[in-house]
Structure formats: structure tokens, C-alpha cells
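Structural characterization, general
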Amino acid sequence: MILANKYRPKKLDDIIGQEVPVRIIRNSFLNNNLHHFYIFDSSSPGVSKTTLARVMAMMENCNNLKNKIDPCGECSICKSIYSGKSSDIIELDAAKNRSVDDIRKISEAIAHGPLECKTRYVIIDEAHSLTGIAADATLKMTEEPPKNTRFIFCTTKKEKMIDTTISRSIDLSFSRISVKDISDNLKKICLLESISIDEESAHLIARKSKGSIRNSISYLEKVNQYCNYNILIEEAKRVFNDLDDDVFYEIIDGVINKNPKKCIEIIKKSSNSNNSEKILEGLEEYLNKVLIVKICKNSSNELLELTQDEIVKIQHQATNIKPVVLSKIHGLLVEVRRGAMLNMDLSFLLERWCLDACVEYVRLTKSS
């Protein structure tokens, strides 16, 4: 079984990193005070919005609730909802099906009572993608809801939704999940699957997932297929074709030591596998880390979610470079990005950045 499906949460306590929306739903359920219309919004995908919607549907329709709130996960209703096969749980991906006809089909389906569940659920993913007429149709549908029907709209761009629709709902915001929470979850899965994984690999996969539980488990499965149940950091990096922060440390060290030749040599060596775009992205991210460590000091670890070894290494470099210099050479990378968008040779632009960065370092250091 695909790991992302196998370890999809089946109850509220399984949902990671969403304490506020989970607590609100828990209390509303226990107090028999669930609203008929919710909007689950977040800036990041893969943070358990749709998962929570399915868990709610299981909670409300399970034949054998445990502890007054936990779906049994074993009855036919729980299994059909969990697998996405229940005829009473209507799910629509509005990114692909956004027309008014798609909404009319839902309206027709919910005009009649649920077939086997007590409460029918209508779950619309990427709800902000609905076209103007379709969005108006959903507004009417949620304003005059049929009996025993609950609506949950999931979105990553709530600002694109109709204000009136939002005002009719209970809006719950979902957080981007921390690297630590994702890393801990990956280690838990590895333990259950008898996969050996070191701390650095779990941290790398968690960081690459960019706050998405779904992505992290998919990445874990890919890395495990390469490493065959023994995941070590060097092999995990190879799977991602990842450039180590050591590369960017050395490039910035070359700038600090006014050695553009060293910077260009490192870039040329790292560009052998057409990695110019990764070098640009990596430099942007690394300089941002150095700037945060320089400015925020004691709060930097919390903001960046790095390992202690990574923080110590960046702190050492941050002491040797002024904020104004960091800001300037980061700004030069913005110009590189603009050039890349105009289809200019990225390798050449990066080499030119090395020269300009060293010049600016000397100029700004002398003038301060």
C-alpha cells in the first residue's frame, strides 16, 4: 500500500500540527454544535484540510464511535468514507472541475437525502478556482442547505473567494506544519515500517516537503525505494540531487575573502549536472538564512528550523559579514533571477554575480 494512504489520519488525534482547527471541531462535535458550512484555508497544500473533512464525516456517520468521538475505522461506513468511495461524501476538485454544471450536479445530488450516512458531506478542494457563475451557485447552495448536509470548502487562496461566501461559513485557518513535527512523524512511520533512517535524513526530507505532510510521506517512500530500508543522509541527498549548504557556505566564504576566482570555480564545478537553477535557489535561501541569523540572533533557530550544527556554522559566517552587505549581494541575486526569466545564460549570470558580489563587499565594507 502507498504510505501516504496507509498513514492518512483516521481520527482527530492523528492530525499533526493543527491544534486550533482540531480543537474547534472536537469541541463543536462534543457539544453537538457543528456548523453546516466550513472553509478550511491555508497558504500551503498538504496540511490535512481534506483529511480533517473526511475525519469529520467519519465521526458523524460511524456506527461504532469510540470514546464518544473517535471513528472505529472498521465499519462499512468508515471504510467507504476513508477510501473516498462513499456515495454520500461528494468530493470535487475545483481546480479541474470548476464550471457551473459541476455545481449543478452537486445540487441535484444533495436534493435527496443521504443513502447510508446520517449526514452527507460536500467537500470542495481548491474552492477558489470556481468560475464566477459556479461560485455564485455554491453561495446559493450553502445559503439554503438541504437537511443533513454539511459543506467544507478547502482553499489555499481564500482571498480569491467571494466575501459573502466566507461570511456564511466558519473559517478555520490551517498552519504550515513545522519541520520538527514532520520529521518526528517520518521517524514514527519508519519505525512502524522497519525502515532505518538517520536524524539528518528525516530532517532533510521534512525540510524538502515545505510544510506538507503529504509531500513528506511521498518523499520518504521515494527515498526508501532508493535506499532499501536503510536511509542515510548522503544517499538521501543523492535522491533529491541536492546541493549541500557547504557549497553555498564556500561561495559566500569566497566573497568574504574577496576571492571571486574561488566562487566561480565552485559554481562551475557544481554546474556540471545542469544545476544552475538549483545553485541560484540555494544561494537565495542560504543568504536569507545568514541574514536571519545575523539580525534575529537568538530567535533564528526557531525561525529557520535548522539543526544545531547548521546554526553554529551559519553563525560563524554571519559574524564576518555586515547586514548591509548581505542585503546588497542578495539583491544582486534578484537581478540574476530577472535575467534568467529573460532566458539569459544562467551560468554566465551566476559567474558575473560572483564578481559583483566581491566588488560590493569591498565597497560596502570600506565605506562603513
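Please read these numbers as outputs of a predicted model, since none were measured by experiment.

Some details on the side chain of Gln317
Locating Gln317 in the fold gives a position in helix H16 (residues 308-318). Within polar-contact distance, the side chain of Gln317 engages the side chain of Tyr286 at 2.5 Å. With sequence-adjacent residues up to four places away left out, Gln317 is seen in contact with Tyr249, Ile252, Asp253, Ile256, Tyr286 and Val290.

Some details on the sheet that holds strand E3 (residues 120-125)
The 5 strands are arranged E2-E3-E4-E1-E5 in an open sheet whose pairing can be described as parallel. Since the sheet does not close on itself, it has two edges, and those belong to strand E2 (89-93) and strand E5 (170-173), each with one partner. On average, each strand axis in the sheet is tilted by 15° relative to the strand beside it, whichever way the strands run. Against the sheet, helix H3 (residues 49-61) contacts strand E1 (37-41), E2, E3 and strand E4 (149-155), and its axis sits at roughly 180° relative to E3. Running at roughly 145° to E4, helix H6 (residues 132-143) makes contact with E1, E3 and E4 of the sheet.

Concerning empty space enclosed by the protein
Counted according to the given criterion, the structure contains 1 cavity of 30 Å³ or more. In this structure, the largest cavity occupies an estimated 30 Å³ of space. A per-element tally of the lining of the largest cavity places H3 first, with 4 residues.

Comments concerning the environment of Met344
With respect to the element layout, Met344 can be found in the loop between helix H17 (323-341) and helix H18 (346-367). Leaving out residues up to four positions away in the same chain, Met344 has contacts with Gly339 and Leu349.

Comments concerning the layout of surface pockets
If you add up the space inside the largest pocket, you get close to 1,200 Å³. Every residue lining the largest pocket is counted, 40 residues in all, and those nearest its centre are Arg207, Asp245, Glu285, Lys289 and Leu306. Of all the elements in the fold, those that place two or more residues in the lining of the largest pocket are helix H9 (199-208), helix H11 (233-240), helix H12 (245-256), helix H14 (276-296), helix H15 (300-304) and H16. Top contributing element to the lining of the largest pocket by residue count: H14, with 8 residues. For the lining of the largest pocket, the per-class residue count stands at 16 nonpolar, 5 polar and 19 charged.

Focus: helix H13 (residues 260-270)
All of the buried residues in H13 are Cys263, Ile264, Ile266, Ile267 and Ser270. In an axial view of H13, the angular spread of the buried residues amounts to 160°, which keeps them on one side of the axis. Those residues of H13 that are exposed and angled more than 90 degrees off the buried face are Lys261 and Lys269.

A word on H11
When H11 is considered as a whole, its buried residues turn out to be Ile233, Ala236, Lys237 and Phe240. One face of H11 carries all of its buried residues, which in axial projection span an arc of 100°. Contacts from the buried residues of H11 go to H9, helix H10 (213-227), strand E7 (230-231) and H14. Note on H11: the residue one or two positions beyond its end, Asn241, has a positive phi of about 50°.

Here is what the cut-offs are and how they apply
Residues numbered from 1 in each chain as written. Predicted model: local features only at pLDDT ≥ 70, side-chain atom pairs only at ≥ 80, totals over all residues. Heavy atoms only, no water. Helix = DSSP H or I, 4+ residues; strand = E, 2+ residues; numbered from the N terminus. Polar contact = N/O pair within 3.5 Å; in protein donor to acceptor, adjacent residues only side chain to side chain. Contact = heavy atoms within 4.5 Å. Pairing = 2+ DSSP bridges. Axes fitted to C-alpha atoms, helices over the stretch in contact; angles between N-to-C directions. 1 Å grid on protein atoms, 1.4 Å probe; cavity = no way out; pocket = protein on both sides within 12 Å on 5 of 7 lines; lining within 4 Å. Points joined across faces, edges and corners; volume = space filled by probe spheres on them. Nonpolar A, V, L, I, M, F, W, Y, C, P; charged D, E, K, R; others polar. Buried < 20%, exposed > 50% of the residue type's maximum accessible area, 1.4 Å probe, protein only. Arc of directions from axis to C-beta.

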